[in-house]
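Topology and contacts: notes
Okay, here's what each chain looks like letter by letter:
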Amino acid sequence: MSANDAFAQRAGQPVGVEREELPGGTPASSGSDEPLVEVRNLVKHFPISRGVLIRRKVGAVQAVDGVSFDVKRGETLGIVGETGCGKSTTARLIMRLLEPTSGEVRFDGQDITKLKGSRLKAVRRDVQMIFQDPYSSLNPRKTVGATIAQPFVIHGLNEGKGERKRAVQELMETVGLNPEHYNRYPHEFSGGQRQRIGVARALALKPKLLIADEPVSALDVSIQAQVLNLLLEMQREFGLTLVFIAHDLSVVRHMCDRVAVMYLGRVVEIGPGGPLYDFPRHPYTGALLSAVPVPDPRLRGEEPHLLSGDVPSPANPPSACRFHTRCPKAQERCSIDDPPLEDKGTGTSAACHFPLTREEVAQIGVRSAR
Amino acid sequence: MNANEPLLKVEDLHVEFPTEDGVVHAVDGVSYEVARSATLGIVGESGSGKTVSSLTTLGLTRTQGARISGRIIFEGKDLLALSEAELRTIRGNEIAMIFQDPLSSLHPFFKVGVQLVEAVRVHQDVSKKAARARAIELLGLVGIPDPNNRVDEYPHEFSGGMRQRAMIAMALANEPKLLIADEPTTALDVTVQAQILALLERLQSELGMAIVIITHDLGVVAQVADDIAVMYAGRIVERSSAELLFAGPEHPYTWGLLKSIPSLSGTRKEQLVPIPGSPPSLINLPSGCHFHPRCPYSQPDHARIDPQLKPVPGEPSHGVACLLEPSVRQRLWTELGDGKTPEQARASVGLPEPQEALVTASETVGDEPEVGL
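Parameters and conventions
Here, residues in each chain are numbered from 1, in the same order as that chain's written sequence. Written order decides the labels, with chains lettered from A and ligands numbered from 1. pLDDT decides what is reported in this predicted model: residues at 70 or higher carry local features, side-chain atom pairs at 80 or more are listed and counted, and totals for whole chains, interfaces and linings draw on all residues regardless. This entry defines residue contacts through backbone-placed C-beta atoms, with two residues in contact when those atoms are within 7 Å. The helix count covers DSSP runs of H or I at least four residues long, the strand count covers runs of E at least two residues long, and both are numbered beginning at the N terminus. For this classification, Asp, Glu, Lys and Arg are treated as charged, while Ala, Val, Leu, Ile, Met, Phe, Trp, Tyr, Cys and Pro are nonpolar and the rest, including Gly, are polar. For the purposes of this description, domain bounds are those given by an automatic or database domain assignment. In this scheme, strands are said to pair when DSSP sees at least two bridges between them. A fitted line through C-alpha atoms represents every axis, and for helices the fit uses only the stretch in contact; the resulting angles, taken between N-to-C directions, go from 0 to 180 degrees.

**Description of the interface of chain B and chain A**
- Across the boundary between the two partners, chain B contributes 42 residues, which contact 41 residues of chain A.
- Listing elements by their share of the side of chain B that touches chain A, those giving two or more residues are helix 8 (190-207), helix 9 (218-224), helix 10 (242-247) and helix 11 (252-260) of chain B.
- Element by element, the count of residues in the side of chain B that touches chain A is highest for helix 8 of chain B, at six residues.
- Among the residues making up the side of chain B that touches chain A, the classes are represented as 18 nonpolar, 17 polar and seven charged.

Structure below.
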């Protein structure tokens, strides 16, 4: 039996059975139909304080402001958006690395925002994270073996002598590292290999949910594909549910079953990858997709549909629809009446009063819709 | 000056940095030309020498103790033979550069306007008042709203996109003939990136300057470059017009790059084909073809023979440095285009397997290239 099979068996997964794909691209759930993660009206405001002796709150950065979505078992949910849209804050809230201002995160049916002590620790075992920077997310003074074994130490697992080392070496082999490099230090590895170490550490506790926050954006193109393939392979092998955060829209399309687009702390559109990329309804999704440079010089002559101006400050976001200050379709109603996130009948849900039409999608040159 | 002469001509450029660990061969024999008002895109991964070759053009590697050989001819003058004082009259004046990180390229203590005025007055004998008027004009040119007031703001008051616009304004201060843009949009969000690329294109057509754009993003070069040079481990491995390069790439490394990026319109089903291993150490470069340890099609003699950049038969402007037969390359690319893996393509073309087993991802290929700049 290979190390991978052994690992899968211990993880309670049938060996050699691939996850089935249902029609419509929804992966078969590994258990009940209940979503693994339910996020409801999640809000995170970071206070802005002034004053030296007497600190007083003068405002708040509304990093995440009323976000709701589900993550189904076994699927990959992508979260895209530009700097400051709240995608990383959302991930940290799901991990309970941050305390939400209000709202709920239900993991496996239980609200984790109020958990404390040992019950929180138990949940943390099921949720693991891979970080963007493979250089700063590994302790340079610890051997790779010690880094990957740390989750076992924290949770008191595999305590027998030699057992821990064996488990770590199996993990290293699973993610494509040489198990003999157990005693090496992070600086002896390249960027791509370091990211593999991060993946091994995240998989050590056989989590149910893996959150990958920009896992490949610090890597070179040729190495990026290695890590993306590894993540897909691991997901298949261990039946993982994945939340994949990235700003690269092509990578997100490749990796994800469903995609949520965020703008200034809100989800503006969410839906399966196909409909979202082929027929975006929210003008912001359309603008993002038309701005992506495509490696095809034949598309050069086409003027991209440029958004004017910059993203407004999340400390002072625009009223009602937050995109109305930059939206080419904005009307008076958009600054008064907050559009709800609702099904637009073409496969995605969008928060927009005046969603894009097919003609407009063609006109603004959405580069995925051809 | 002959109008048909290229504006910039780099000939057999070598740049080496002696370090404690050995000599870093950052640029290992690079030649290229940039025509007037044209855009050359230099594509490569970290450590491919794309930045060092451009910094050398501006004489910015001289102080690093670099050993430089070759020729860099700009408007008939060999830049490598000029003194530092002579070079200073060209740098920032006839050749300007913009960098990846606009925040660390602007001085945080000085107002944007003050920095622009300085850039103007270094090369032009004008009054402060005239220079300030020019600064406001430049900010307007690069699309900064309300330049009359913005000119008195500090860099931290500008957003990322506006800082890059301010950098571009500074580079344009003296109407350069050549603008070198080193990863100008890498630190920016995608919608801002689109704005900056559109701005560069507009300025180029208005001012008629040539641009060298250095990037790792094949999408960006496809959008803005007329000609493309693909660099790997200090050398240009393929050079061609943008159309030809994307329609019929010739070098296995270029194939590898194109096959490792997911497409925006693609589906989840397509398989990415990564290039095995990682880029080599620039201290200890592989013998022969620098790419051979990672190339799925390498043959025994590829470790001995140094490939030269030669024209592709029938495409005189399309150069490739590869030891495979042109007909074999063509068949391989056709097979890859049909969705075959490199191994399947190699088998159906009838190439023998590489003799040394290809490096796998779990093995280190030398050390990480680290060029301290």
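**Structural notes on the domain arrangement of chain B**
All names here are of chain B.
- When its domains are assigned, chain B resolves into domain 1 (1-94 + 177-247), domain 2 (102-173) and domain 3 (248-349).
- Between the C-alpha centres of domain 1 and domain 3 there is a distance of 23 Å.
- Contributions of two or more residues to the side of domain 1 that touches domain 3 are made by strand 2 (22-34), strand 9 (227-232), strand 10 (235-241) and helix 10.
- At seven residues, the largest contribution of residues to the side of domain 1 that touches domain 3 is made by strand 10.
- Here the residues of the side of domain 1 that touches domain 3 sort into twelve nonpolar, six polar and six charged.

**Description of the sheet that holds strand 8 (residues 210-215) of chain B**
Residue and element names in this part refer to chain B.
- The strand order across the open sheet built from eight strands is 6-7-8-3-9-10-12-11, with neighbouring strands paired in mixed fashion. Each edge of the open sheet is held by one strand with a lone partner, namely strand 6 (95-98) and strand 11 (310-312). Within this sheet the neighbouring strands show an average axis-to-axis angle of 25°, counted without direction.
- The sheet contact formed by strand 10 and strand 12 (residues 315-320) spans two bridges and is antiparallel. Among the inter-strand pairings, Glu238 is bridged to a residue of strand 12, identified as Val320.

**Looking at the domain arrangement of chain A**
Residues and elements named next belong to chain A.
- For chain A, the assigned domains read domain 1 (32-49 + 59-256) and domain 2 (282-294 + 303-363).
- Computed over C-alpha atoms only, the centres of domain 1 and domain 2 are separated by 30 Å.
- Taken together, the ten residues of domain 1 in the interface contact seven residues of domain 2.
- Looking at the side of domain 1 that touches domain 2, the elements with two or more residues in it are strand 2 (56-71) and helix 8 (249-255).
- Among the elements that line the side of domain 1 that touches domain 2, the one with the most residues is strand 2, at five residues.
- When its residues are assigned to classes, the side of domain 1 that touches domain 2 shows five nonpolar, four polar and one charged.

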